[in-house]
Amino acid sequence: MRKIVLFLLCLILIIPNSIAYANSYFYKNTEEESIKNIIESFYNTQYDAYLQMEYKDITPYLDMTKIQNQNKVIVLKNLTARRKYIYQKGYCYIEERRFPLEFNYKAIDINGNQASVILEIKLDGQNAYPPFICGGENIFKLIKMEDSWKITEHDYEDLSFYEISKEKLIREFQPKELAEMIDQEFSPDSKKVYKNFNDVELKSNVGILSLPAVNHYYSTSRAVEYANKYVYNRNTKFYDATAGGGDCTNFASQVLWYGFGANDTMNDILNKVMMVPGSYEEGWYAGPGGGSRNWENVEAFWSYMTSYKSIDTPGPRVVVVDSINSLDNGGIMQIDYYNDGRFDHTAILVDKITRKFAQHTENCYRYYSDYEGNKRFFNPYYFREIE
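Just so we're clear, the structure is a prediction, and the values are computed from it rather than from any experiment. (Residues numbered from 1 in each chain as written. Predicted model: local features only at pLDDT ≥ 70, side-chain atom pairs only at ≥ 80, totals over all residues. Heavy atoms only, no water.)

## Focus on a nonpolar patch on the surface
For step 1, the next point in the chain: Side chains of Leu 202, Tyr 217 and Tyr 381 sit close together on the surface and give an oily, nonpolar patch of about 260 Å² of accessible area.
For step 2, the next point in the chain: Topologically, Leu 202 is positioned in the loop between strand S5 (194-195) and strand S6 (213-217). (Patch = residues over 30% accessible without salt bridge, like charges linked within 9 Å, V, L, I, M, F, W, Y side chains within 5 Å. Areas by Shrake-Rupley, 256 points an atom, 1.4 Å probe, with all protein chains shown as cover. Salt bridge = Lys/Arg side-chain N within 4 Å of Asp/Glu carboxyl O. Helix = DSSP H or I, 4+ residues; strand = E, 2+ residues; numbered from the N terminus.)

Structure, rendered in structure tokens:
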């Protein structure tokens with residue numbers, strides 16, 4: 001009898017705790033599934049809008065009191081309108097395929113009506129995804145409002161190049177204004193076309209006053225080969241400039257270096273083959289320990305590459321072209337995302353037919369149609385080596 005009483009007492013103590021635990025477990029699973037559904041619906045709705053080239057409402061997934069989320073709506077409207085106009089005018093390739101996404105939730109932490117999520121997105125490595133999809137780690141913060149979870153904040157690597165800001169509201173372009181900008185973007189402008197060298201360099205006999213030299217002509221196929229090889233996983237023989245503001249121009253310089261004929265070996269890197277030794281401000285070089293300003297900085301890279309070089313000055317020779325239509329494979333594009341006259345990003349054309357670019361920070365492919373902002377371009381021509 002005593003054993004029965006003890007058994008019943010244990011049940012009385014255990015059952016409520018078990019029920020409470022079960023209820024807690026059920027609540028947690030239900031809320032986690034709700035959060036996953038909000039995040040994945042947020043991505044799928046954007047992808048539908050992107051492919052159909054018509055804005056679709058993403059506000060049900062967002063806390064619209066946040067400036068970042070207001071910007072998410074604006075940039076999606078701008079992007080879909082841009083793609084639609086380019087498509088209608090036939091200006092360039094527009095991607096109409098949906099590429100696979102794999103969502104890997106590394107952590108979901110729920111604390112009352114607040115939640116934080118660490119989500120890793122895995123992409124198909126050979127494809128160019130829309131700019132609102134960033135592979136790798138995405139960090140979300142959410143709040144539960146009126147029985148529904150809303151995204152309050154979203155951190156990812158490419159944020160400053162897509163949404164631009166969490167604090168400052170960006171502009172939504174009106175249709176006429178957007179059309180005029182795109183028309184101008186694809187219109188030839190001979191004032192933008194120039195070379196940074198004199199054609200006399202191309203002659204075998206340039207006169208007794210010049211130094212002996214050899215020209216190494218740029219291989220677009222080698223450049224594209226290098227860009228495709230290291231677009232996702234960087235070349236560890238070079239330093240990583242991501243922490244210093246971004247690896248985009250460091251990557252672009254590597255592509256040019258290899259396209260001019262250098263070998264992807266520590267021997268060529270350490271001996272500065274197809275590089276220009278000199279001071280940090282004047283040279284064009286890099287290695288495992290760092291590189292010069294002209295090698296890694298967006299504005300300095302452009303100034304160095306496109307500035308006039310005398311016949312006895314070693315280094316790259318390039319031709320500045322007027323638009324994407326004149327850019328060749330292995331060519332360079334720079335983008336001023338903020339339209340403030342200061343360029344922010346460097347990318348390399350790897351497919352002239354589809355206008356697909358390779359870039360670092362974020363390490364990915366992007367289509368030209370998805371890059372917003374002012375742009376400038378040059379085609380590398382040859383590297384002049386003074387013997």
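## As for the packing of helix H5 (residues 220-230) against helix H6 (residues 248-259)
For step 1, the next point in the chain: Remark: H5 packs on H6, axes separated minimally by 8 Å, with the N-to-C direction vectors making an angle of 140°. In this view, H5 runs oblique relative to H6, as classed from their interaxial angle. Handedness of the crossing formed by H5 with H6: right-handed. Counting all contacts with H5, which are made through Arg 222, Ala 223, Glu 225, Tyr 226, Ala 227 and Tyr 230, the residues of H6 involved are Phe 251, Gln 254, Val 255, Trp 257, Tyr 258 and Gly 259.
For step 2, the next point in the chain: Classifying every residue of the contact of H5 with H6 gives eight nonpolar, two polar and two charged. (Axes fitted to C-alpha atoms, helices over the stretch in contact; angles between N-to-C directions. Parallel < 35°, antiparallel > 145°, perpendicular 65-115°, else oblique. Left-handed = near helix turned anticlockwise from the far one by under 90°. Contact = heavy atoms within 4.5 Å. Nonpolar A, V, L, I, M, F, W, Y, C, P; charged D, E, K, R; others polar.)

## Here we look at the side chain of Asp 370
For step 1, the next point in the chain: Here Asp 370 lies in the loop between strand S13 (364-367) and strand S14 (374-386).
For step 2, the next point in the chain: By relative accessible area, which is 6% here, Asp 370 ends up buried.
For step 3, the next point in the chain: One polar contact links Asp 370 to Tyr 50, side chain to side chain, over a distance of 2.5 Å.
For step 4, the next point in the chain: The residues contacting Asp 370, other than those within four sequence positions of it, are Tyr 50, Leu 79, Arg 83, Tyr 129, Pro 130 and Pro 131. (Buried < 20%, exposed > 50% of the residue type's maximum accessible area, 1.4 Å probe, protein only. Polar contact = N/O pair within 3.5 Å; in protein donor to acceptor, adjacent residues only side chain to side chain.)

## With respect to the UniProt feature "domain: Putative amidase" (unreviewed entry) in the protein chain
For step 1, the next point in the chain: In the UniProt entry, the feature "domain: Putative amidase" (unreviewed entry) is given for residues 218-372.
For step 2, the next point in the chain: Across residues 218-372, the secondary structure splits into 26% helix and 20% strand, with the terminal C-alpha atoms separated by 28 Å. (UniProt positions renumbered as here; feature names shortened; annotations may be inferred.)

## Describing the pairing of strand S1 (residues 101-111)
For step 1, the next point in the chain: As judged from the 10 bridges shared by S1 and strand S2 (residues 114-123), these two strands associate in the antiparallel manner. Note that in S2 the partner of Asn 111 across the bridge is Gln 114.
For step 2, the next point in the chain: Between S1 and S2, which pair antiparallel and follow one another directly, the connecting turn spans two residues, one of which, Gly 112, has a positive phi of 65°. (Pairing = 2+ DSSP bridges.)

## Observations regarding the environment of Leu 349
For step 1, the next point in the chain: Here Leu 349 lies in strand S11 (residues 345-351).
For step 2, the next point in the chain: Exposure remark for Leu 349: the relative accessible area of 0% places this residue in the buried category.
For step 3, the next point in the chain: For the pair formed by Leu 349 and Ile 324, sequence separation is 25 residues and the distance between their alpha carbons is 9.4 Å.
For step 4, the next point in the chain: For Leu 349, the contacting residues outside a window of four places in its chain are Val 224, Leu 327, Asp 328, Asn 329, Gly 330, Gly 331, Arg 355, Lys 356 and Phe 357.

## Notes on the sheet that holds S1
For step 1, the next point in the chain: If you walk across this open sheet you meet the four strands as S1-S2-S3-S4, and the pairing is antiparallel. Either end of the sheet is taken by a strand with one partner, and the two such strands are S1 and strand S4 (148-155). With strand direction ignored, the average angle separating the axes of adjacent strands in the sheet is 30°.
For step 2, the next point in the chain: The pairing of S2 with strand S3 (residues 136-145) spans eight bridges and is classified as antiparallel. Bridge pairing in S3 places Glu 120 opposite Glu 137.

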